[in-house]
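Spelled out, the chains give:
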Amino acid sequence: MMKKILPILLALVMLTACGAPKQSASGDKQKVRLVLDWTPNTNHTGIYVAKEKGYFDEAGIDLEILQPPEGGAEGLVASGGGEFAVTFQDTIAASWAKDTPLPVTAVAALVQHNTSGLLSLKDKGIDRMGKLTGHSYATWNMPIELGMMKTLVNDDGGNFDKVELIPSNVTDIVAGLKSNVDSVWVYYGWDGIAAENAGLQTNFIPFIDSHPEFDYYSPILVANNDFLKNNSETAKKALAAISKGYTYAAEHPEEAADILLKSAPELEGKKEFVKKSQEYLSKQYIADADRFGVIDGARWNKFYKWLADNKLIDQPIPENFGFSNDYLPQ
């Protein structure tokens, strides 16, 4: 899936508080702003389905979908520039591992399992993580990313010190794999499907196959803490509409893809690809969970404990910190 934007949180200026959502211009609906992590894609389909199907209207919510700023979606929401944001459990970790954690809480898992892994062209012969030794890898140069990659390679008998690191945010996976980059960390539902759709013969190594502690939540929906405290009913209504949208998308992937394509002009000309991506992601939204959005505390904690044990964050994140299932429909 698309590369994640590294938040530059200290550069954010405090905006208006989220303590009281404004009444929208459309009557008595409550205005709620949701900031995406990237341009619209199949991670976000349930949001667009809920909007198209009128689920937000039924809930009395006037939803505004915003593109992320350069500094990161969760930072904008933390400072009052929105009520909800799409982000990832791994990239937000550093913002919570401090004396004053970022004031947001994860309120839903948009995808139940971590679908990321290493993608490479089949002729490179990288069919195990240890075989990345001697090859190149496109890196975001993020400590958690590099720590995970080192563990994955070395635990499989390889030597991460002998991997050529190429700083690169590969936005076109097909062009990237045809360049001097041998391998890329991708989310299969987007970049994996894009490579497949382009006819490339690839090897894909899911990280969770060898390391279950990496089965963290990616992506997640977070909300501003003051908003949750002061407007819990509005938050629950918005989450109910979003849950309904993702559940519908899980059951109707073809129609859901059409709604996303209609809602996101930037995807024009990518109908076949989007439909294949949606077919894959629709099976991942709920997967083996009993309902959409629920976060398993054991899995959540296991990943953060691994980060702390490997000194990849400044300080441990307390157990069960940073998420709540209380705002989801029960």
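Residues numbered from 1 in each chain as written. Predicted model: local features only at pLDDT ≥ 70, side-chain atom pairs only at ≥ 80, totals over all residues. Heavy atoms only, no water.

### A closer look at the pattern of salt bridges
In step 1: Applying the stated criterion across every chain yields a total of 17 salt bridges.
In step 2: A salt bridge links Lys-29 to Asp-57, with the nearest nitrogen and oxygen atoms 2.8 Å apart. One end of the pair, Lys-29, is in the segment before β1 (30-35); the other, Asp-57, is in helix α2 (residues 55-58), with 28 residues separating them in the sequence.
In step 3: On the basis of relative accessible area, Lys-29 is assigned to the buried category, the value being 18%.
In step 4: Between Glu-58 and Lys-244 there is a salt bridge, and its shortest N-O distance comes to 3.5 Å. Here the residue Glu-58 occupies a position in helix α2, and Lys-244 occupies one in helix α9 (residues 232-251), the gap between them amounting to 186 residues.
In step 5: Residues participating in the shared-partner salt-bridge network are Lys-31, Asp-62 and Glu-64. (Salt bridge = Lys/Arg side-chain N within 4 Å of Asp/Glu carboxyl O. Helix = DSSP H or I, 4+ residues; strand = E, 2+ residues; numbered from the N terminus. Buried < 20%, exposed > 50% of the residue type's maximum accessible area, 1.4 Å probe, protein only.)

### Side note on the environment of His-113
In step 1: With respect to the secondary-structure elements, His-113 resides in the loop between β4 (104-109) and β5 (116-121).
In step 2: Counting along the chain gives 105 residues from His-113 to Ser-218, while the straight-line C-alpha distance between them is 7.1 Å.
In step 3: Among all residues touching His-113, those that are not within four sequence positions of it are Asp-215, Tyr-216, Ser-218, Ala-287, Asp-288 and Arg-299.
In step 4: Separated by 2.8 Å, the side chains of His-113 and Asp-288 make a polar contact. (Contact = heavy atoms within 4.5 Å. Polar contact = N/O pair within 3.5 Å; in protein donor to acceptor, adjacent residues only side chain to side chain.)

### Describing the environment of Val-111
In step 1: Relative to the helices and strands, Val-111 resides in the loop between β4 and β5.
In step 2: The class for Val-111 is buried, based on a relative accessible area of 2%.
In step 3: Expressed as a C-alpha distance, the spacing of Val-111 and Pro-219, which sit 108 residues apart in the sequence, is 6.2 Å.
In step 4: In contact with Val-111, not counting residues within four places along its chain, are Asn-43, Tyr-217, Ser-218, Pro-219, Leu-281, Gln-284 and Tyr-285.

### Observations regarding the packing of aromatic side chains
In step 1: Inspection of every chain in the model, using the stated rule, returns 18 aromatic pairs.
In step 2: Aromatic side chains Tyr-188 and Phe-204 sit 4.8 Å apart centroid to centroid with 55 degrees between the ring planes, which places their arrangement in the tilted category. In this pair, Tyr-188 sits in helix α7 (residues 188-197) while Phe-204 sits in strand β9 (residues 202-206), placing the two residues 16 residues apart along the sequence.
In step 3: Taken together, the aromatic side chains of Trp-96, Tyr-216, Tyr-217, Trp-300, Phe-303, Tyr-304, Phe-321 and Phe-323 make up a single cluster linked through ring pairs. (Phe/Tyr/Trp six-rings, centres within 6.5 Å; stacked < 30°, edge-to-face > 60°.)

### A look at the sheet that holds strand β10 (residues 220-224)
In step 1: One open sheet holds the five strands; their spatial order is β2-β1-β3-β10-β4, and the pairing between them is mixed. The open sheet has two edge strands, β2 (61-66) and β4, and neither has a second partner. Neighbour-to-neighbour, the strand axes of this sheet turn through a mean angle of 30 degrees, independent of strand direction.
In step 2: Across six bridges, β1 lies against β2 in parallel orientation. Counterpart to Val-35 in the pairing with β2 is Leu-66. (Pairing = 2+ DSSP bridges. Axes fitted to C-alpha atoms, helices over the stretch in contact; angles between N-to-C directions.)

### A few points about the UniProt feature "domain: SsuA/THI5-like" (unreviewed entry) in the protein
In step 1: When the UniProt feature table is mapped onto this chain, "domain: SsuA/THI5-like" (unreviewed entry) is found at residues 41-256.
In step 2: In residues 41-256, helix accounts for 37% and strand for 21%; the two terminal C-alpha atoms are 11 Å from one another. (UniProt positions renumbered as here; feature names shortened; annotations may be inferred.)

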